[in-house]
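These are the residues of each chain, in order.
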Amino acid sequence: MNYLSAENISKNFNERWLFKGINFGILKGDKVALVGQNGSGKTTLMNVLAGVIPADEGTISIRKGITVGYLSQNPVFNESLSVMDSLFDGDSPTVQAIKAYENAMLHHNDDELTRALELMEKYQAWDYESRVEQVLGKLGIHDLDKPITSLSGGQRKRVAMAKILIEEPDLIIMDEPTNHLDLETIEWLEQTLSSQNVTLLLVTHDRYFLDRVCNNIVELDNGKTYPYKGNYGYFLEKKAEREAMEAASIDKAKNLLRTELEWMRRQPKARGTKAQYRVDAFYDLKDKASQTKDDSKVQLNVKMARQGSKILEIDDLSKSFGEQKIVANFSYVFKKKDRIGIIGKNGAGKSTFLNMITQNLKPDSGNITTGETVVYGYYQQGDLEYRDGQRVIDIVTEIAEYVTLGNGQSITASQFLTHFKFEPKVQYTLVEKLSGGEKRRLALMRVLIKNPNFLILDEPTNDLDIQTLNILEDFLMEFGGCLLLVSHDRYFMDKLVEHLFVFEGEGQIRDFPGNYTDYREWKDELDRQEAQTKSSPKKAEEPIAPVAQEAPVATSAKKKLSYKEQKEYDSLEEEMTKLGKRKTELTEKLNAGGSYEELAAWAKEIEQITDQLDEKELRWLELSEMM
């Protein structure tokens, strides 16, 4: 059953065709991800498909009786309403059924009540209140009487998402749904959308989310759409094949054009004396041969300031806001090339912690000592700050006219912008005309141009396209300084960090050895062990792995372990870390694609590693309980 059809739709923006002559369709049960570079027109296409803005050409039809829910990047509300009123403000069948029932009960009208009861049964509206409470709780929306006007952009988006999930429309359209969500909430949303029988169209750059939720990928590239029926790994493989074929086709057209050009020159000038079909074919060939493929990549290669032996020392740090503890007695000494990820629920204090490190906020107690050679590069959440009338190139030149690269070469600000995929014709564009992702890329560039040796990145992946994310990952893998990273992109986090600061609440921060997937697997096993302990009266008082400030890495003496058991315990931690890294490497290879033999071998090795990790984690937990 076809839910949505778009035929030959086109949209022009600032005298440029974002897309032209696109045909697009969504069938019942499809879960489609729309991907493409920043500025390619993804959000505009979503707005056109959702009916928010009209297409300049073509037609869009939605099957009669189908309800559509659209989560835009910047949801619009009735500013006079509260959160609760906003959730019930709409014309969805479920909401209308509830309103009809409440009205019938209020006026004691038997006929109206009968019809309202039928509607309540038809739309299964009786459990609406419990569904509201469940969704709001998962999305962290608790103050329902709060006015919409007082909410931040992220809070507004969560309220808009809650409204859609509660109403359960037939077709859900979402633009970057994972932005402003913490990792736990993203995993809940991922499970909700993948398990339910929903029809979905979304824009996302979260590769794990895309892979686990969507069964179709549509790429928007140079104003055209390219469908791929499969996961992210399949998309990468087929995209590479398509681009290779297109490049070969363009080269072939250029060679053929030389022959045809000679024929055109030899023939009489009067076009009517030539074979018209061949003349027309010549101009079509000329258009094809003049095409260019943008194979450039964002080359984030800047010189790093020298780093001394003393970097950053945190001693007994504490911070509270009223009665809410953000950090309690936390200490850590940063080492060269530390690569640390920071995770925790929204509001746990991650950004506050970063602001204390960079001395933008004073702690209540404790000391932060920064080495003399440390040069911070701090990429913060929020929009790029710029003045009215400021151009793209002005953003760079107000910091430096020339940029020194890692190889010692000095290039102009314009050349540096070109490295970041801001072509010369774009460099004199007003900043206000850039897309959200392009502004993010420009803000990141402002950070790197200062040659930092200690990078602090607070949600750098929001709104960046997948190509830019890949190049940014490559740069950060080679970055020789310290890296402190807050991100809800699990793929990004897994690839870059070696241990985590886990904000567990009440000021407690756990230093966990491993990346995010390592932590989730350890946490799931810990939860399983705890559930077994509660269900078994004999083990009710047995201790489990530490869950407070101490990290899973045991650094204090284990009084109840023998020397042999102590050595086994220490070696298990190292072995699990190595196995976890190998599993991540193999998973990345699977996602990138390969031959059938390679894919089968990698999948088999992953299965073996998973079994080994399970055995070692169980033994680790057994030994930890003896401590």
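The shown structure was predicted, so the numbers you read here are calculated from the model rather than taken from an experiment.

Quick look at the packing of aromatic side chains now. Taken as a whole, this structure holds 15 aromatic pairs when the rule is applied. Taking the centre distance of 6.2 Å and the plane angle of 85° together, the rings of phenylalanine 353 and phenylalanine 501 count as edge-to-face. Of this pair, phenylalanine 353 sits in helix α11 (residues 350–357) while phenylalanine 501 sits in strand β19 (residues 499–505), placing them 148 residues apart in sequence. The exposure class of phenylalanine 501 is buried, given its relative accessible area of 0%. Note on tyrosine 376 and phenylalanine 454: the rings are 5.3 Å apart at their centroids and 70° apart in plane angle, and the pair reads as edge-to-face. Linking tyrosine 376 in strand β14 (residues 376–379) with phenylalanine 454 in strand β17 (residues 454–458), this pair joins segments that are 78 residues apart in sequence. The class of phenylalanine 454 is buried, set by a relative accessible area of 0%. The structure contains a cluster of three or more aromatic residues connected by ring pairs, namely Phe330, Tyr332, Phe334, Phe353, Tyr376, Phe454, Phe501 and Phe503. Lying across the ring of tryptophan 17, lysine 20 places its NZ or CZ 4.0 Å from the centre.

Working definition: the strands of a sheet are paired by backbone hydrogen bonds and lie parallel or antiparallel to each other. Here we have 6 strands laid out as an open sheet, ordered β5-β6-β7-β3-β8-β9, and mixed in their pairing. Each edge of the sheet is formed by a strand with only one pairing partner; in this case those strands are β5 (68–71) and β9 (224–228). Averaged over all pairs of adjacent strands, the angle between their axes in this sheet comes to 15°, without regard to strand direction. Of the strands in this sheet, β5 and β6 (171–175) are in contact with helix α6 (residues 153–167), which crosses β5 at around 165°.

Right, let's get into a nonpolar patch on the surface. A cluster of nonpolar side chains, Ile60, Ile62 and Val68, forms an exposed patch at the surface whose accessible area comes to about 190 Å². You can see valine 68 is positioned in strand β5.

Attention now goes to empty space enclosed by the protein. Counted according to the given criterion, the structure contains 2 cavities of 30 Å³ or more. Here the second largest cavity is characterised by a volume of approximately 60 Å³. The class makeup of the residues in the lining of the second largest cavity is no nonpolar, 7 polar and 4 charged.

Another point: helix α15 (residues 436–448). Spanning 13 residues, α15 covers 19 Å between terminal C-alpha atoms, matching the ideal 18 Å at 1.5 Å per step. Among the 13 residues that make up α15, 11 are buried, leaving the element largely enclosed by the rest of the structure. Its buried side turned inward, α15 meets β14, α12 (392–397), α13 (413–419), β17 and α16 (466–478).

What follows is about the packing of helix α3 (residues 93–107) against helix α4 (residues 110–122). Following both chains from N to C, one finds α3 and α4 inclined at 150°, their axes separated by 8 Å at the closest point. Considering the angle they form, α3 stands roughly antiparallel to α4. Considering how the two elements wind past one another, α3 and α4 form a crossing that is left-handed. Residues Ala97, Ile98, Ala100, Tyr101, Asn103, Ala104 and Met105 of α3 form the contact with α4, whose participating residues are Glu112, Leu113, Ala116, Leu117, Leu119 and Met120. Looking at the contact of α3 with α4 residue by residue, the class counts come to 11 nonpolar, 1 polar and 1 charged.

What the 3 strands build is an open sheet, ordered β2-β1-β4; its pairing is antiparallel. Of all strands in the sheet, those bounded by a partner on one side alone are β2 (16–27) and β4 (57–62). Between one strand axis and the next, the sheet turns through 15° on average, direction left out of account. As paired elements, strand β1 (residues 2–13) and β4 share 5 bridges and run antiparallel to each other.

It is worth spelling out helix α7 (residues 183–195) at this point. Given a rise of 1.5 Å per residue, 13 residues ought to cover 18 Å, and the 18 Å separating the end C-alpha atoms of α7 matches this to within 8%. Burial in α7 covers these residues: Leu183, Thr185, Ile186, Glu187, Trp188, Leu189, Glu190, Thr192 and Leu193.

If you trace the backbone, arginine 207 turns up in helix α8 (residues 207–213). Exposure remark for arginine 207: the relative accessible area of 1% places this residue in the buried category. Of the polar contacts made by the side chain of arginine 207, one reaches the side chain of glutamate 473; its length is 2.5 Å. With sequence-adjacent residues up to four places away left out, arginine 207 is seen in contact with Tyr232, Ile466, Leu469, Asn470, Glu473, Asp489, Tyr491 and Phe492.

With that settled, the discussion passes to the environment of tryptophan 602. Its place among the elements puts tryptophan 602 in helix α20 (residues 596–624). Spatially, the C-alpha atoms of tryptophan 602 and glutamate 585 are 9.7 Å apart, while their sequence positions differ by 17 residues.

Moving on to the pattern of salt bridges. On inspection of all chains with the given rule, the structure shows 26 salt bridges. Among the ionic pairs, lysine 20 bridges to glutamate 57, the shortest N-O distance being 3.4 Å. With a gap of 37 residues between them, lysine 20 in strand β2 and glutamate 57 in strand β4 connect regions that are remote in the sequence. For lysine 20, a relative accessible area of 44% translates into the label partly exposed. Overall, the relative accessible area of 35% leaves glutamate 57 in the partly exposed class. Among the ionic pairs, lysine 345 bridges to glutamate 184, the shortest N-O distance being 3.8 Å. A residue pair is termed long-range when its members are at least 10 positions apart, and lysine 345 in the loop between β12 (339–344) and α11 and glutamate 184 in helix α7 qualify at 161 residues. The class for lysine 345 is partly exposed, based on a relative accessible area of 47%.

Cut-off values and rules
Residues numbered from 1 in each chain as written. Predicted model: local features only at pLDDT ≥ 70, side-chain atom pairs only at ≥ 80, totals over all residues. Heavy atoms only, no water. Phe/Tyr/Trp six-rings, centres within 6.5 Å; stacked < 30°, edge-to-face > 60°. Helix = DSSP H or I, 4+ residues; strand = E, 2+ residues; numbered from the N terminus. Buried < 20%, exposed > 50% of the residue type's maximum accessible area, 1.4 Å probe, protein only. Lys NZ or Arg CZ within 6 Å of the ring centre and 35° of its normal. Pairing = 2+ DSSP bridges. Axes fitted to C-alpha atoms, helices over the stretch in contact; angles between N-to-C directions. Contact = heavy atoms within 4.5 Å. Patch = residues over 30% accessible without salt bridge, like charges linked within 9 Å, V, L, I, M, F, W, Y side chains within 5 Å. Areas by Shrake-Rupley, 256 points an atom, 1.4 Å probe, with all protein chains shown as cover. Salt bridge = Lys/Arg side-chain N within 4 Å of Asp/Glu carboxyl O. 1 Å grid on protein atoms, 1.4 Å probe; cavity = no way out; pocket = protein on both sides within 12 Å on 5 of 7 lines; lining within 4 Å. Points joined across faces, edges and corners; volume = space filled by probe spheres on them. Nonpolar A, V, L, I, M, F, W, Y, C, P; charged D, E, K, R; others polar. Expected span 1.5 Å × (residues − 1). Parallel < 35°, antiparallel > 145°, perpendicular 65-115°, else oblique. Left-handed = near helix turned anticlockwise from the far one by under 90°. Polar contact = N/O pair within 3.5 Å; in protein donor to acceptor, adjacent residues only side chain to side chain.

Geometric values such as these leave the question of function open.
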